[in-house]
Amino acid sequence: MAGLSALPGRDEERAALARAVDGLCAGHGAVLDLAADPGLGKTSLLHLIARLAADRGATVLRARAEGPAAKPYQVFRDALENDDHRPGTAAPPWDTGADRDLLRALRDRCADPAGTVLLLDDFHHCDPASARLTERLLGEPPPDRLLLVLAHRPRQTPPALLAALDGAKQAGTVLRVEPAPLTAAAVAALLPAATLFPDADEHRAERLRAASGGNPRILHLLLAAGPDPDRWPERSDAAAGPLLRAAAPLLAELDALPAPVADVLAAAAVLGEPFRLGDVARVAGERTDRTADALAELARADLVRSLGPGGDLVFRHPVLGRLVHHRLNPGLRLNAHRRALALLEERGAPATARARHAEQLLLGGGPAEALPVLVEGAAEVVVRSPATAARWLRAALESAPADTHDARTRIGLALDRCRALTAAGRLEQARALGHEILRTPGGLPEPLHVQALAVCVGVERLLGRYAEADAMARTVVDRLPRPLPAPLPAATADLVLDYGLLHAVRGTAAEVRALAHEGATAAAATPGGEDGGTALRVLAAFCDSYAGDFALAEPEIERCGRLVDARPDTVAGRAPDVLALLGCAELYLERFTDAHRHLSRGLATASGGAHKHSAVNHLLGLSILDQWAGRLDQAQRHAREAERLGTEIGAPDVVGLAMAMRASALLWAAPRRRTAEVVALAEQGLRHTVPGTGWWAGSAVGLLAQARLVGGDPAACLRTLLEESGGEDLHLLQPAAHPSLFALMTTAALLCGDLDTARRSARAADTAAERLGRLPFQQSQADRAAAAMAFVEGDPARAAELALRAARVLRGLRMPVQYAWTVIAAAPVLAQAHGTAAALGPLDEALDAARGCGALRLCEDGARVRAALTAGGPGGSPVDPVPNPSEPAALLSALLSAREREVAELAADGLSSRRIAERLVLSPRTVDTHLGSVYRKLGVSSRSALARLLHGPGDPAGRDPIR
């Protein structure tokens, strides 16, 4: 791992060490207490202080404590007797009663005019005499020319010495430096250069930070274990060489243990965390009292720690236990796991607890009786940890003799493994295994053939191979009796569901509506088919809502919501997919609270690296809901996470739509001057989607059209809608969104002077809203289009009435961005119809809403409209509400609080934070807090950029890039 010794994220510690060296050079001695857990970088900081001191001409002496069995004063003797600056100096005859003489000798030896730095590492291992000498040193003023640095682990430091250090710190004679765990940013700085997708590296850095606890040594170990340290060391010794080299400091601790203690530690590693005294004794085959003594010694060595009064114990870090297990002799490991499995079986422990030991037995050539444990454990764990289930099933398949199971059972296990691989996001592995199953010599019995096809259809869909998935499914679907029979075989229900999911993402849900309804009816009439019936009912209701048949969809969606809410997350193993369908259908039906609940639950179910293909659907749905609710930052985070996962699983459609959604949130959150970047991001998103793939590309088209319109390019908006959606009827885009899309087309056509297209689009928006049952949001968009037409056709009173009606609806729906956009566009109409005063009240309320959700673009637009209206100008129109930019003062008034305006103006004039604090009677910290808020609201990143924004033209430098 390159650059580990540099230890980024240690700025405070480095500064403290530099101050200590500066003090030494000025003639001020000190004691520096460098205290931290193992692996947090104490030795690296000792190297740093040695270099700093040597650069200043000071003498640097260093030694490492060797343990309580060392000779008296060993660590001090080693340091002073190896003084290269004073060769040949005879060592004083130190013994255990010579503390005063030794202090005198130490002062004499450290009288170098440039100062002496005495670095004592691993001081928790110091001998008793050295500890007593140090306690005396701490009780007196340090020598003027001595900087004594004690690096130690507080958990292992003698209590009396800890008490002396604490007392000296309270007295102000000791400086304590405690290296903290690394942050995710510091971990990221230690990783190789960014790869395909920067956010993927950010996510990996956070995962590594969490896995390592921010401990540099553990981080080094995880990186040496391979690209996916979460899987180490379960199946492979491929990284054994790099791993053992990286683990050298830990191995040295382990090798120093007496054999009986090491055996107890090995038993604990076999059991896994947490472990208890009695269990460790049983697995180690040792007496309880001796095991207790060994565990106490391991606790003193800080290799194991207590979790509290319950008696549970854990390793200092989980990686330590894995490393111990990794080094075990295979024979000893096998016997230990056999004893552990017997212990758990006696207790009736769940299969998930027993399967870990059964796996080790099978890998070591153990008995086939362990096979059922693995299979049962995989079934229990597949929802929350499908990668583990896939591994256990692989062990079962590989370890069992060919005649252990009949062919049907083996194929069933292989299909279960294929499903687990799919849920774990290992789609290519799942595809290869699925196709291998389909090529079974002699063919598959019909039920297994249908199951295998269902699995393969799902994998091909997730890989974006829609044509292949459709062709495979049709080999069975086209032969199904219609209507579908009851009882409906479970394999057929799975195939119908996967076939429906395929058409849902292709945007051709209408083609499977009838089949989905038949499947739901048949499954409901099938004994024990409740789970499959619920999934198919949700699919059928989704197809209805996608098509805009809300009268049929709404009551069924409500019933499905109750059914799903009453079921556990493990429903048919398809909970994430079902919850995604349900949440999206509720989103179309404007049941926003229900949609958020189900999408959030689905995301939680598809967590921990599992079901990435389903997680992206939940993330995208939540991004839409967050944007509508004014949670613009959260909307961007959800879109970024979907983008990252889409990149991981190789799904360009997901990546493209996530980019477009991120651009949609940024469209409102970023200042207007960044329009070109936002539109470029939306364009990039559409390019990532595969043309003709339905929902993904269709949604990206609508988002790009909106970005181009709001960004000031109505011609491009109109062109996007007409060319990418099949013409003026928008038949390639989802019918449930037609009113809002026709409203966009109306505004774009008006701005382009195409009144005929605008009239047709406005009528189409209203017709589509009527077809959808006049749902509030979609109706509000139709009203917006009608308001624009009424204003252009010379009826400002009617335009004002329609615009205000739309605004009231949007406010009631708690959609602050849409509400503010509507009111800002309508303000000039209100002024013309009812006077300026009638416009300013709603406009100010809209500005409050925009400020509350961080919609900088709307704040800017509203400020400019307000400035134009109060100056007596027209302020724009509902079609184009943004006149030329007004004075910066208006922008400041709209975006900033009174105190923020004061701070911003003084900072733009060049005053420092301290000068501003003096002027406004504030603390410099408070000034910096206000400046941070100003930068965020105005979209700048420095004082110079702020000055250019307020005092001169030009695009401020240093803005955050839009990746």
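Before any of the text, the structure's been laid out above.
Residues numbered from 1 in each chain as written. Predicted model: local features only at pLDDT ≥ 70, side-chain atom pairs only at ≥ 80, totals over all residues. Heavy atoms only, no water.

Another aspect to go through is helix H31 (residues 632–649). Across its 18 residues, H31 extends 26 Å between first and last C-alpha, which sits within 8% of the 26 Å expected from 1.5 Å per residue. For H31, every residue scored as buried is listed here: Leu632, Ala635, Gln636, His638, Ala639, Ala642, Glu643, Arg644, Leu645, Gly646 and Ile649. Glycine 650, located one to two residues past H31, shows a positive phi value of around 70°. (Helix = DSSP H or I, 4+ residues; strand = E, 2+ residues; numbered from the N terminus. Expected span 1.5 Å × (residues − 1). Buried < 20%, exposed > 50% of the residue type's maximum accessible area, 1.4 Å probe, protein only.)

Let us look at the pairing of strand E1 (residues 30–35). Of all six residues making up E1, five are buried, and the element is well covered by its neighbours. Of the pairings in the sheet, the one linking E1 to strand E4 (residues 146–152) comprises six bridges and is parallel in character. When the bridges of E4 are listed, leucine 34 appears paired with alanine 151. Note that E1 and strand E5 (residues 174–177) share four bridges and pair parallel. Each residue of the ladder has a partner; that of valine 31, found in E5, is valine 174. (Pairing = 2+ DSSP bridges.)

Across the sheet, five strands lie side by side as E2-E3-E4-E1-E5; this open sheet has parallel pairing. Across the chains shown, the open sheet's two edge strands, defined by having one partner strand only, are strand E2 (59–64) and E5. Averaged over all pairs of adjacent strands, the angle between strand axes in this sheet comes to 15°, irrespective of strand direction. Its contacts with the sheet place helix H6 (residues 159–171) against E1, E4 and E5, and it is angled at close to 110° to E5. (Axes fitted to C-alpha atoms, helices over the stretch in contact; angles between N-to-C directions. Contact = heavy atoms within 4.5 Å.)

What follows concerns the nonpolar core. Generally speaking, nonpolar side chains in soluble globular proteins are found buried as a group. Among the nonpolar cores identified, the biggest contains 189 residues, and Leu536, Trp668 and Leu858 are the most heavily contacted of them. Broken down by element, the residue count for this core peaks at 12 residues, all from helix H32 (residues 652–669). Those residues within four positions of tryptophan 668 in sequence are excluded, and the remaining contacts are Gln627, Leu632, Gln706, Val710, Val817, Trp821, Gly854, Ala855, Leu856, Arg857 and Leu858. If you look at the next biggest cluster of nonpolar residues, it comprises 47 residues, including Leu223, Ala294, Leu320 and Leu328. (Core = buried A, V, L, I, M, F, W, Y, C linked by side-chain atoms within 4.5 Å.)

In this section: the pairing of E2. By the alternation rule, side chains of E2 split into Thr59, Leu61 and Ala63, which are all buried, and Val60, Arg62 and Arg64, of which none is buried. Here E2 pairs with strand E3 (residues 116–121) via six bridges, running parallel. By the bridge assignment for E3, threonine 59 is matched with threonine 116.

So, about helix H14 (residues 288–300). Here H14 is 13 residues long and its end C-alpha atoms lie 18 Å apart, about the 18 Å a rise of 1.5 Å per residue gives. Of the residues making up H14, those classed as buried are Thr291, Ala294, Leu295 and Leu298. Each buried residue of H14 lies within a common arc of 100° when the element is viewed along its axis, so the set occupies one face. When the buried face of H14 is taken as reference, the exposed residues oriented beyond 90 degrees from it are Asp293 and Arg300. The inward-facing, buried residues of H14 abut helix H12 (259–271), helix H13 (277–284), strand E6 (304–306) and strand E7 (313–315). (Arc of directions from axis to C-beta.)

The geometry of two aromatic rings is summed up by the distance between their centres and the angle between their planes. Summed over the entire model, instances satisfying the criterion amount to eight aromatic pairs. Ring-pair connections join several aromatic residues into one group, and the members of that group are Phe542, Tyr546 and Tyr588. Positioned over the ring face of tryptophan 821 is arginine 784, at 4.0 Å from the centre of the ring. (Phe/Tyr/Trp six-rings, centres within 6.5 Å; stacked < 30°, edge-to-face > 60°. Lys NZ or Arg CZ within 6 Å of the ring centre and 35° of its normal.)

Quick look at the environment of alanine 35 now. Position of alanine 35 relative to the elements: it lies in strand E1. For the pair alanine 35 and glutamate 178, spaced 143 residues apart in the sequence, the C-alpha separation amounts to 5.2 Å. Beyond its immediate stretch of four places on either side in the chain, alanine 35 contacts Lys42, His152, Pro154, Val177, Glu178 and Pro179.

With that out of the way, let us pick up the packing of helix H39 (residues 796–812) against helix H40 (residues 816–834). Two elements in contact, H39 and H40, have axes whose closest approach is 9 Å; the angle formed by their N-to-C orientations is 155°. Judged on the interaxial angle alone, H40 and H39 are roughly antiparallel. In this structure, the crossing between H39 and H40 has a hand that is left-handed. Contacts from Pro796, Ala797, Ala799, Ala800, Ala803, Leu804, Ala806, Ala807, Leu810 and Arg811 in H39 reach Gln818, Tyr819, Thr822, Val823, Ala826, Val829, Leu830, Gln832, Ala833 and His834 in H40. Taken together, the residues of the contact of H39 with H40 sort by class into 15 nonpolar, four polar and one charged. (Parallel < 35°, antiparallel > 145°, perpendicular 65-115°, else oblique. Left-handed = near helix turned anticlockwise from the far one by under 90°. Nonpolar A, V, L, I, M, F, W, Y, C, P; charged D, E, K, R; others polar.)

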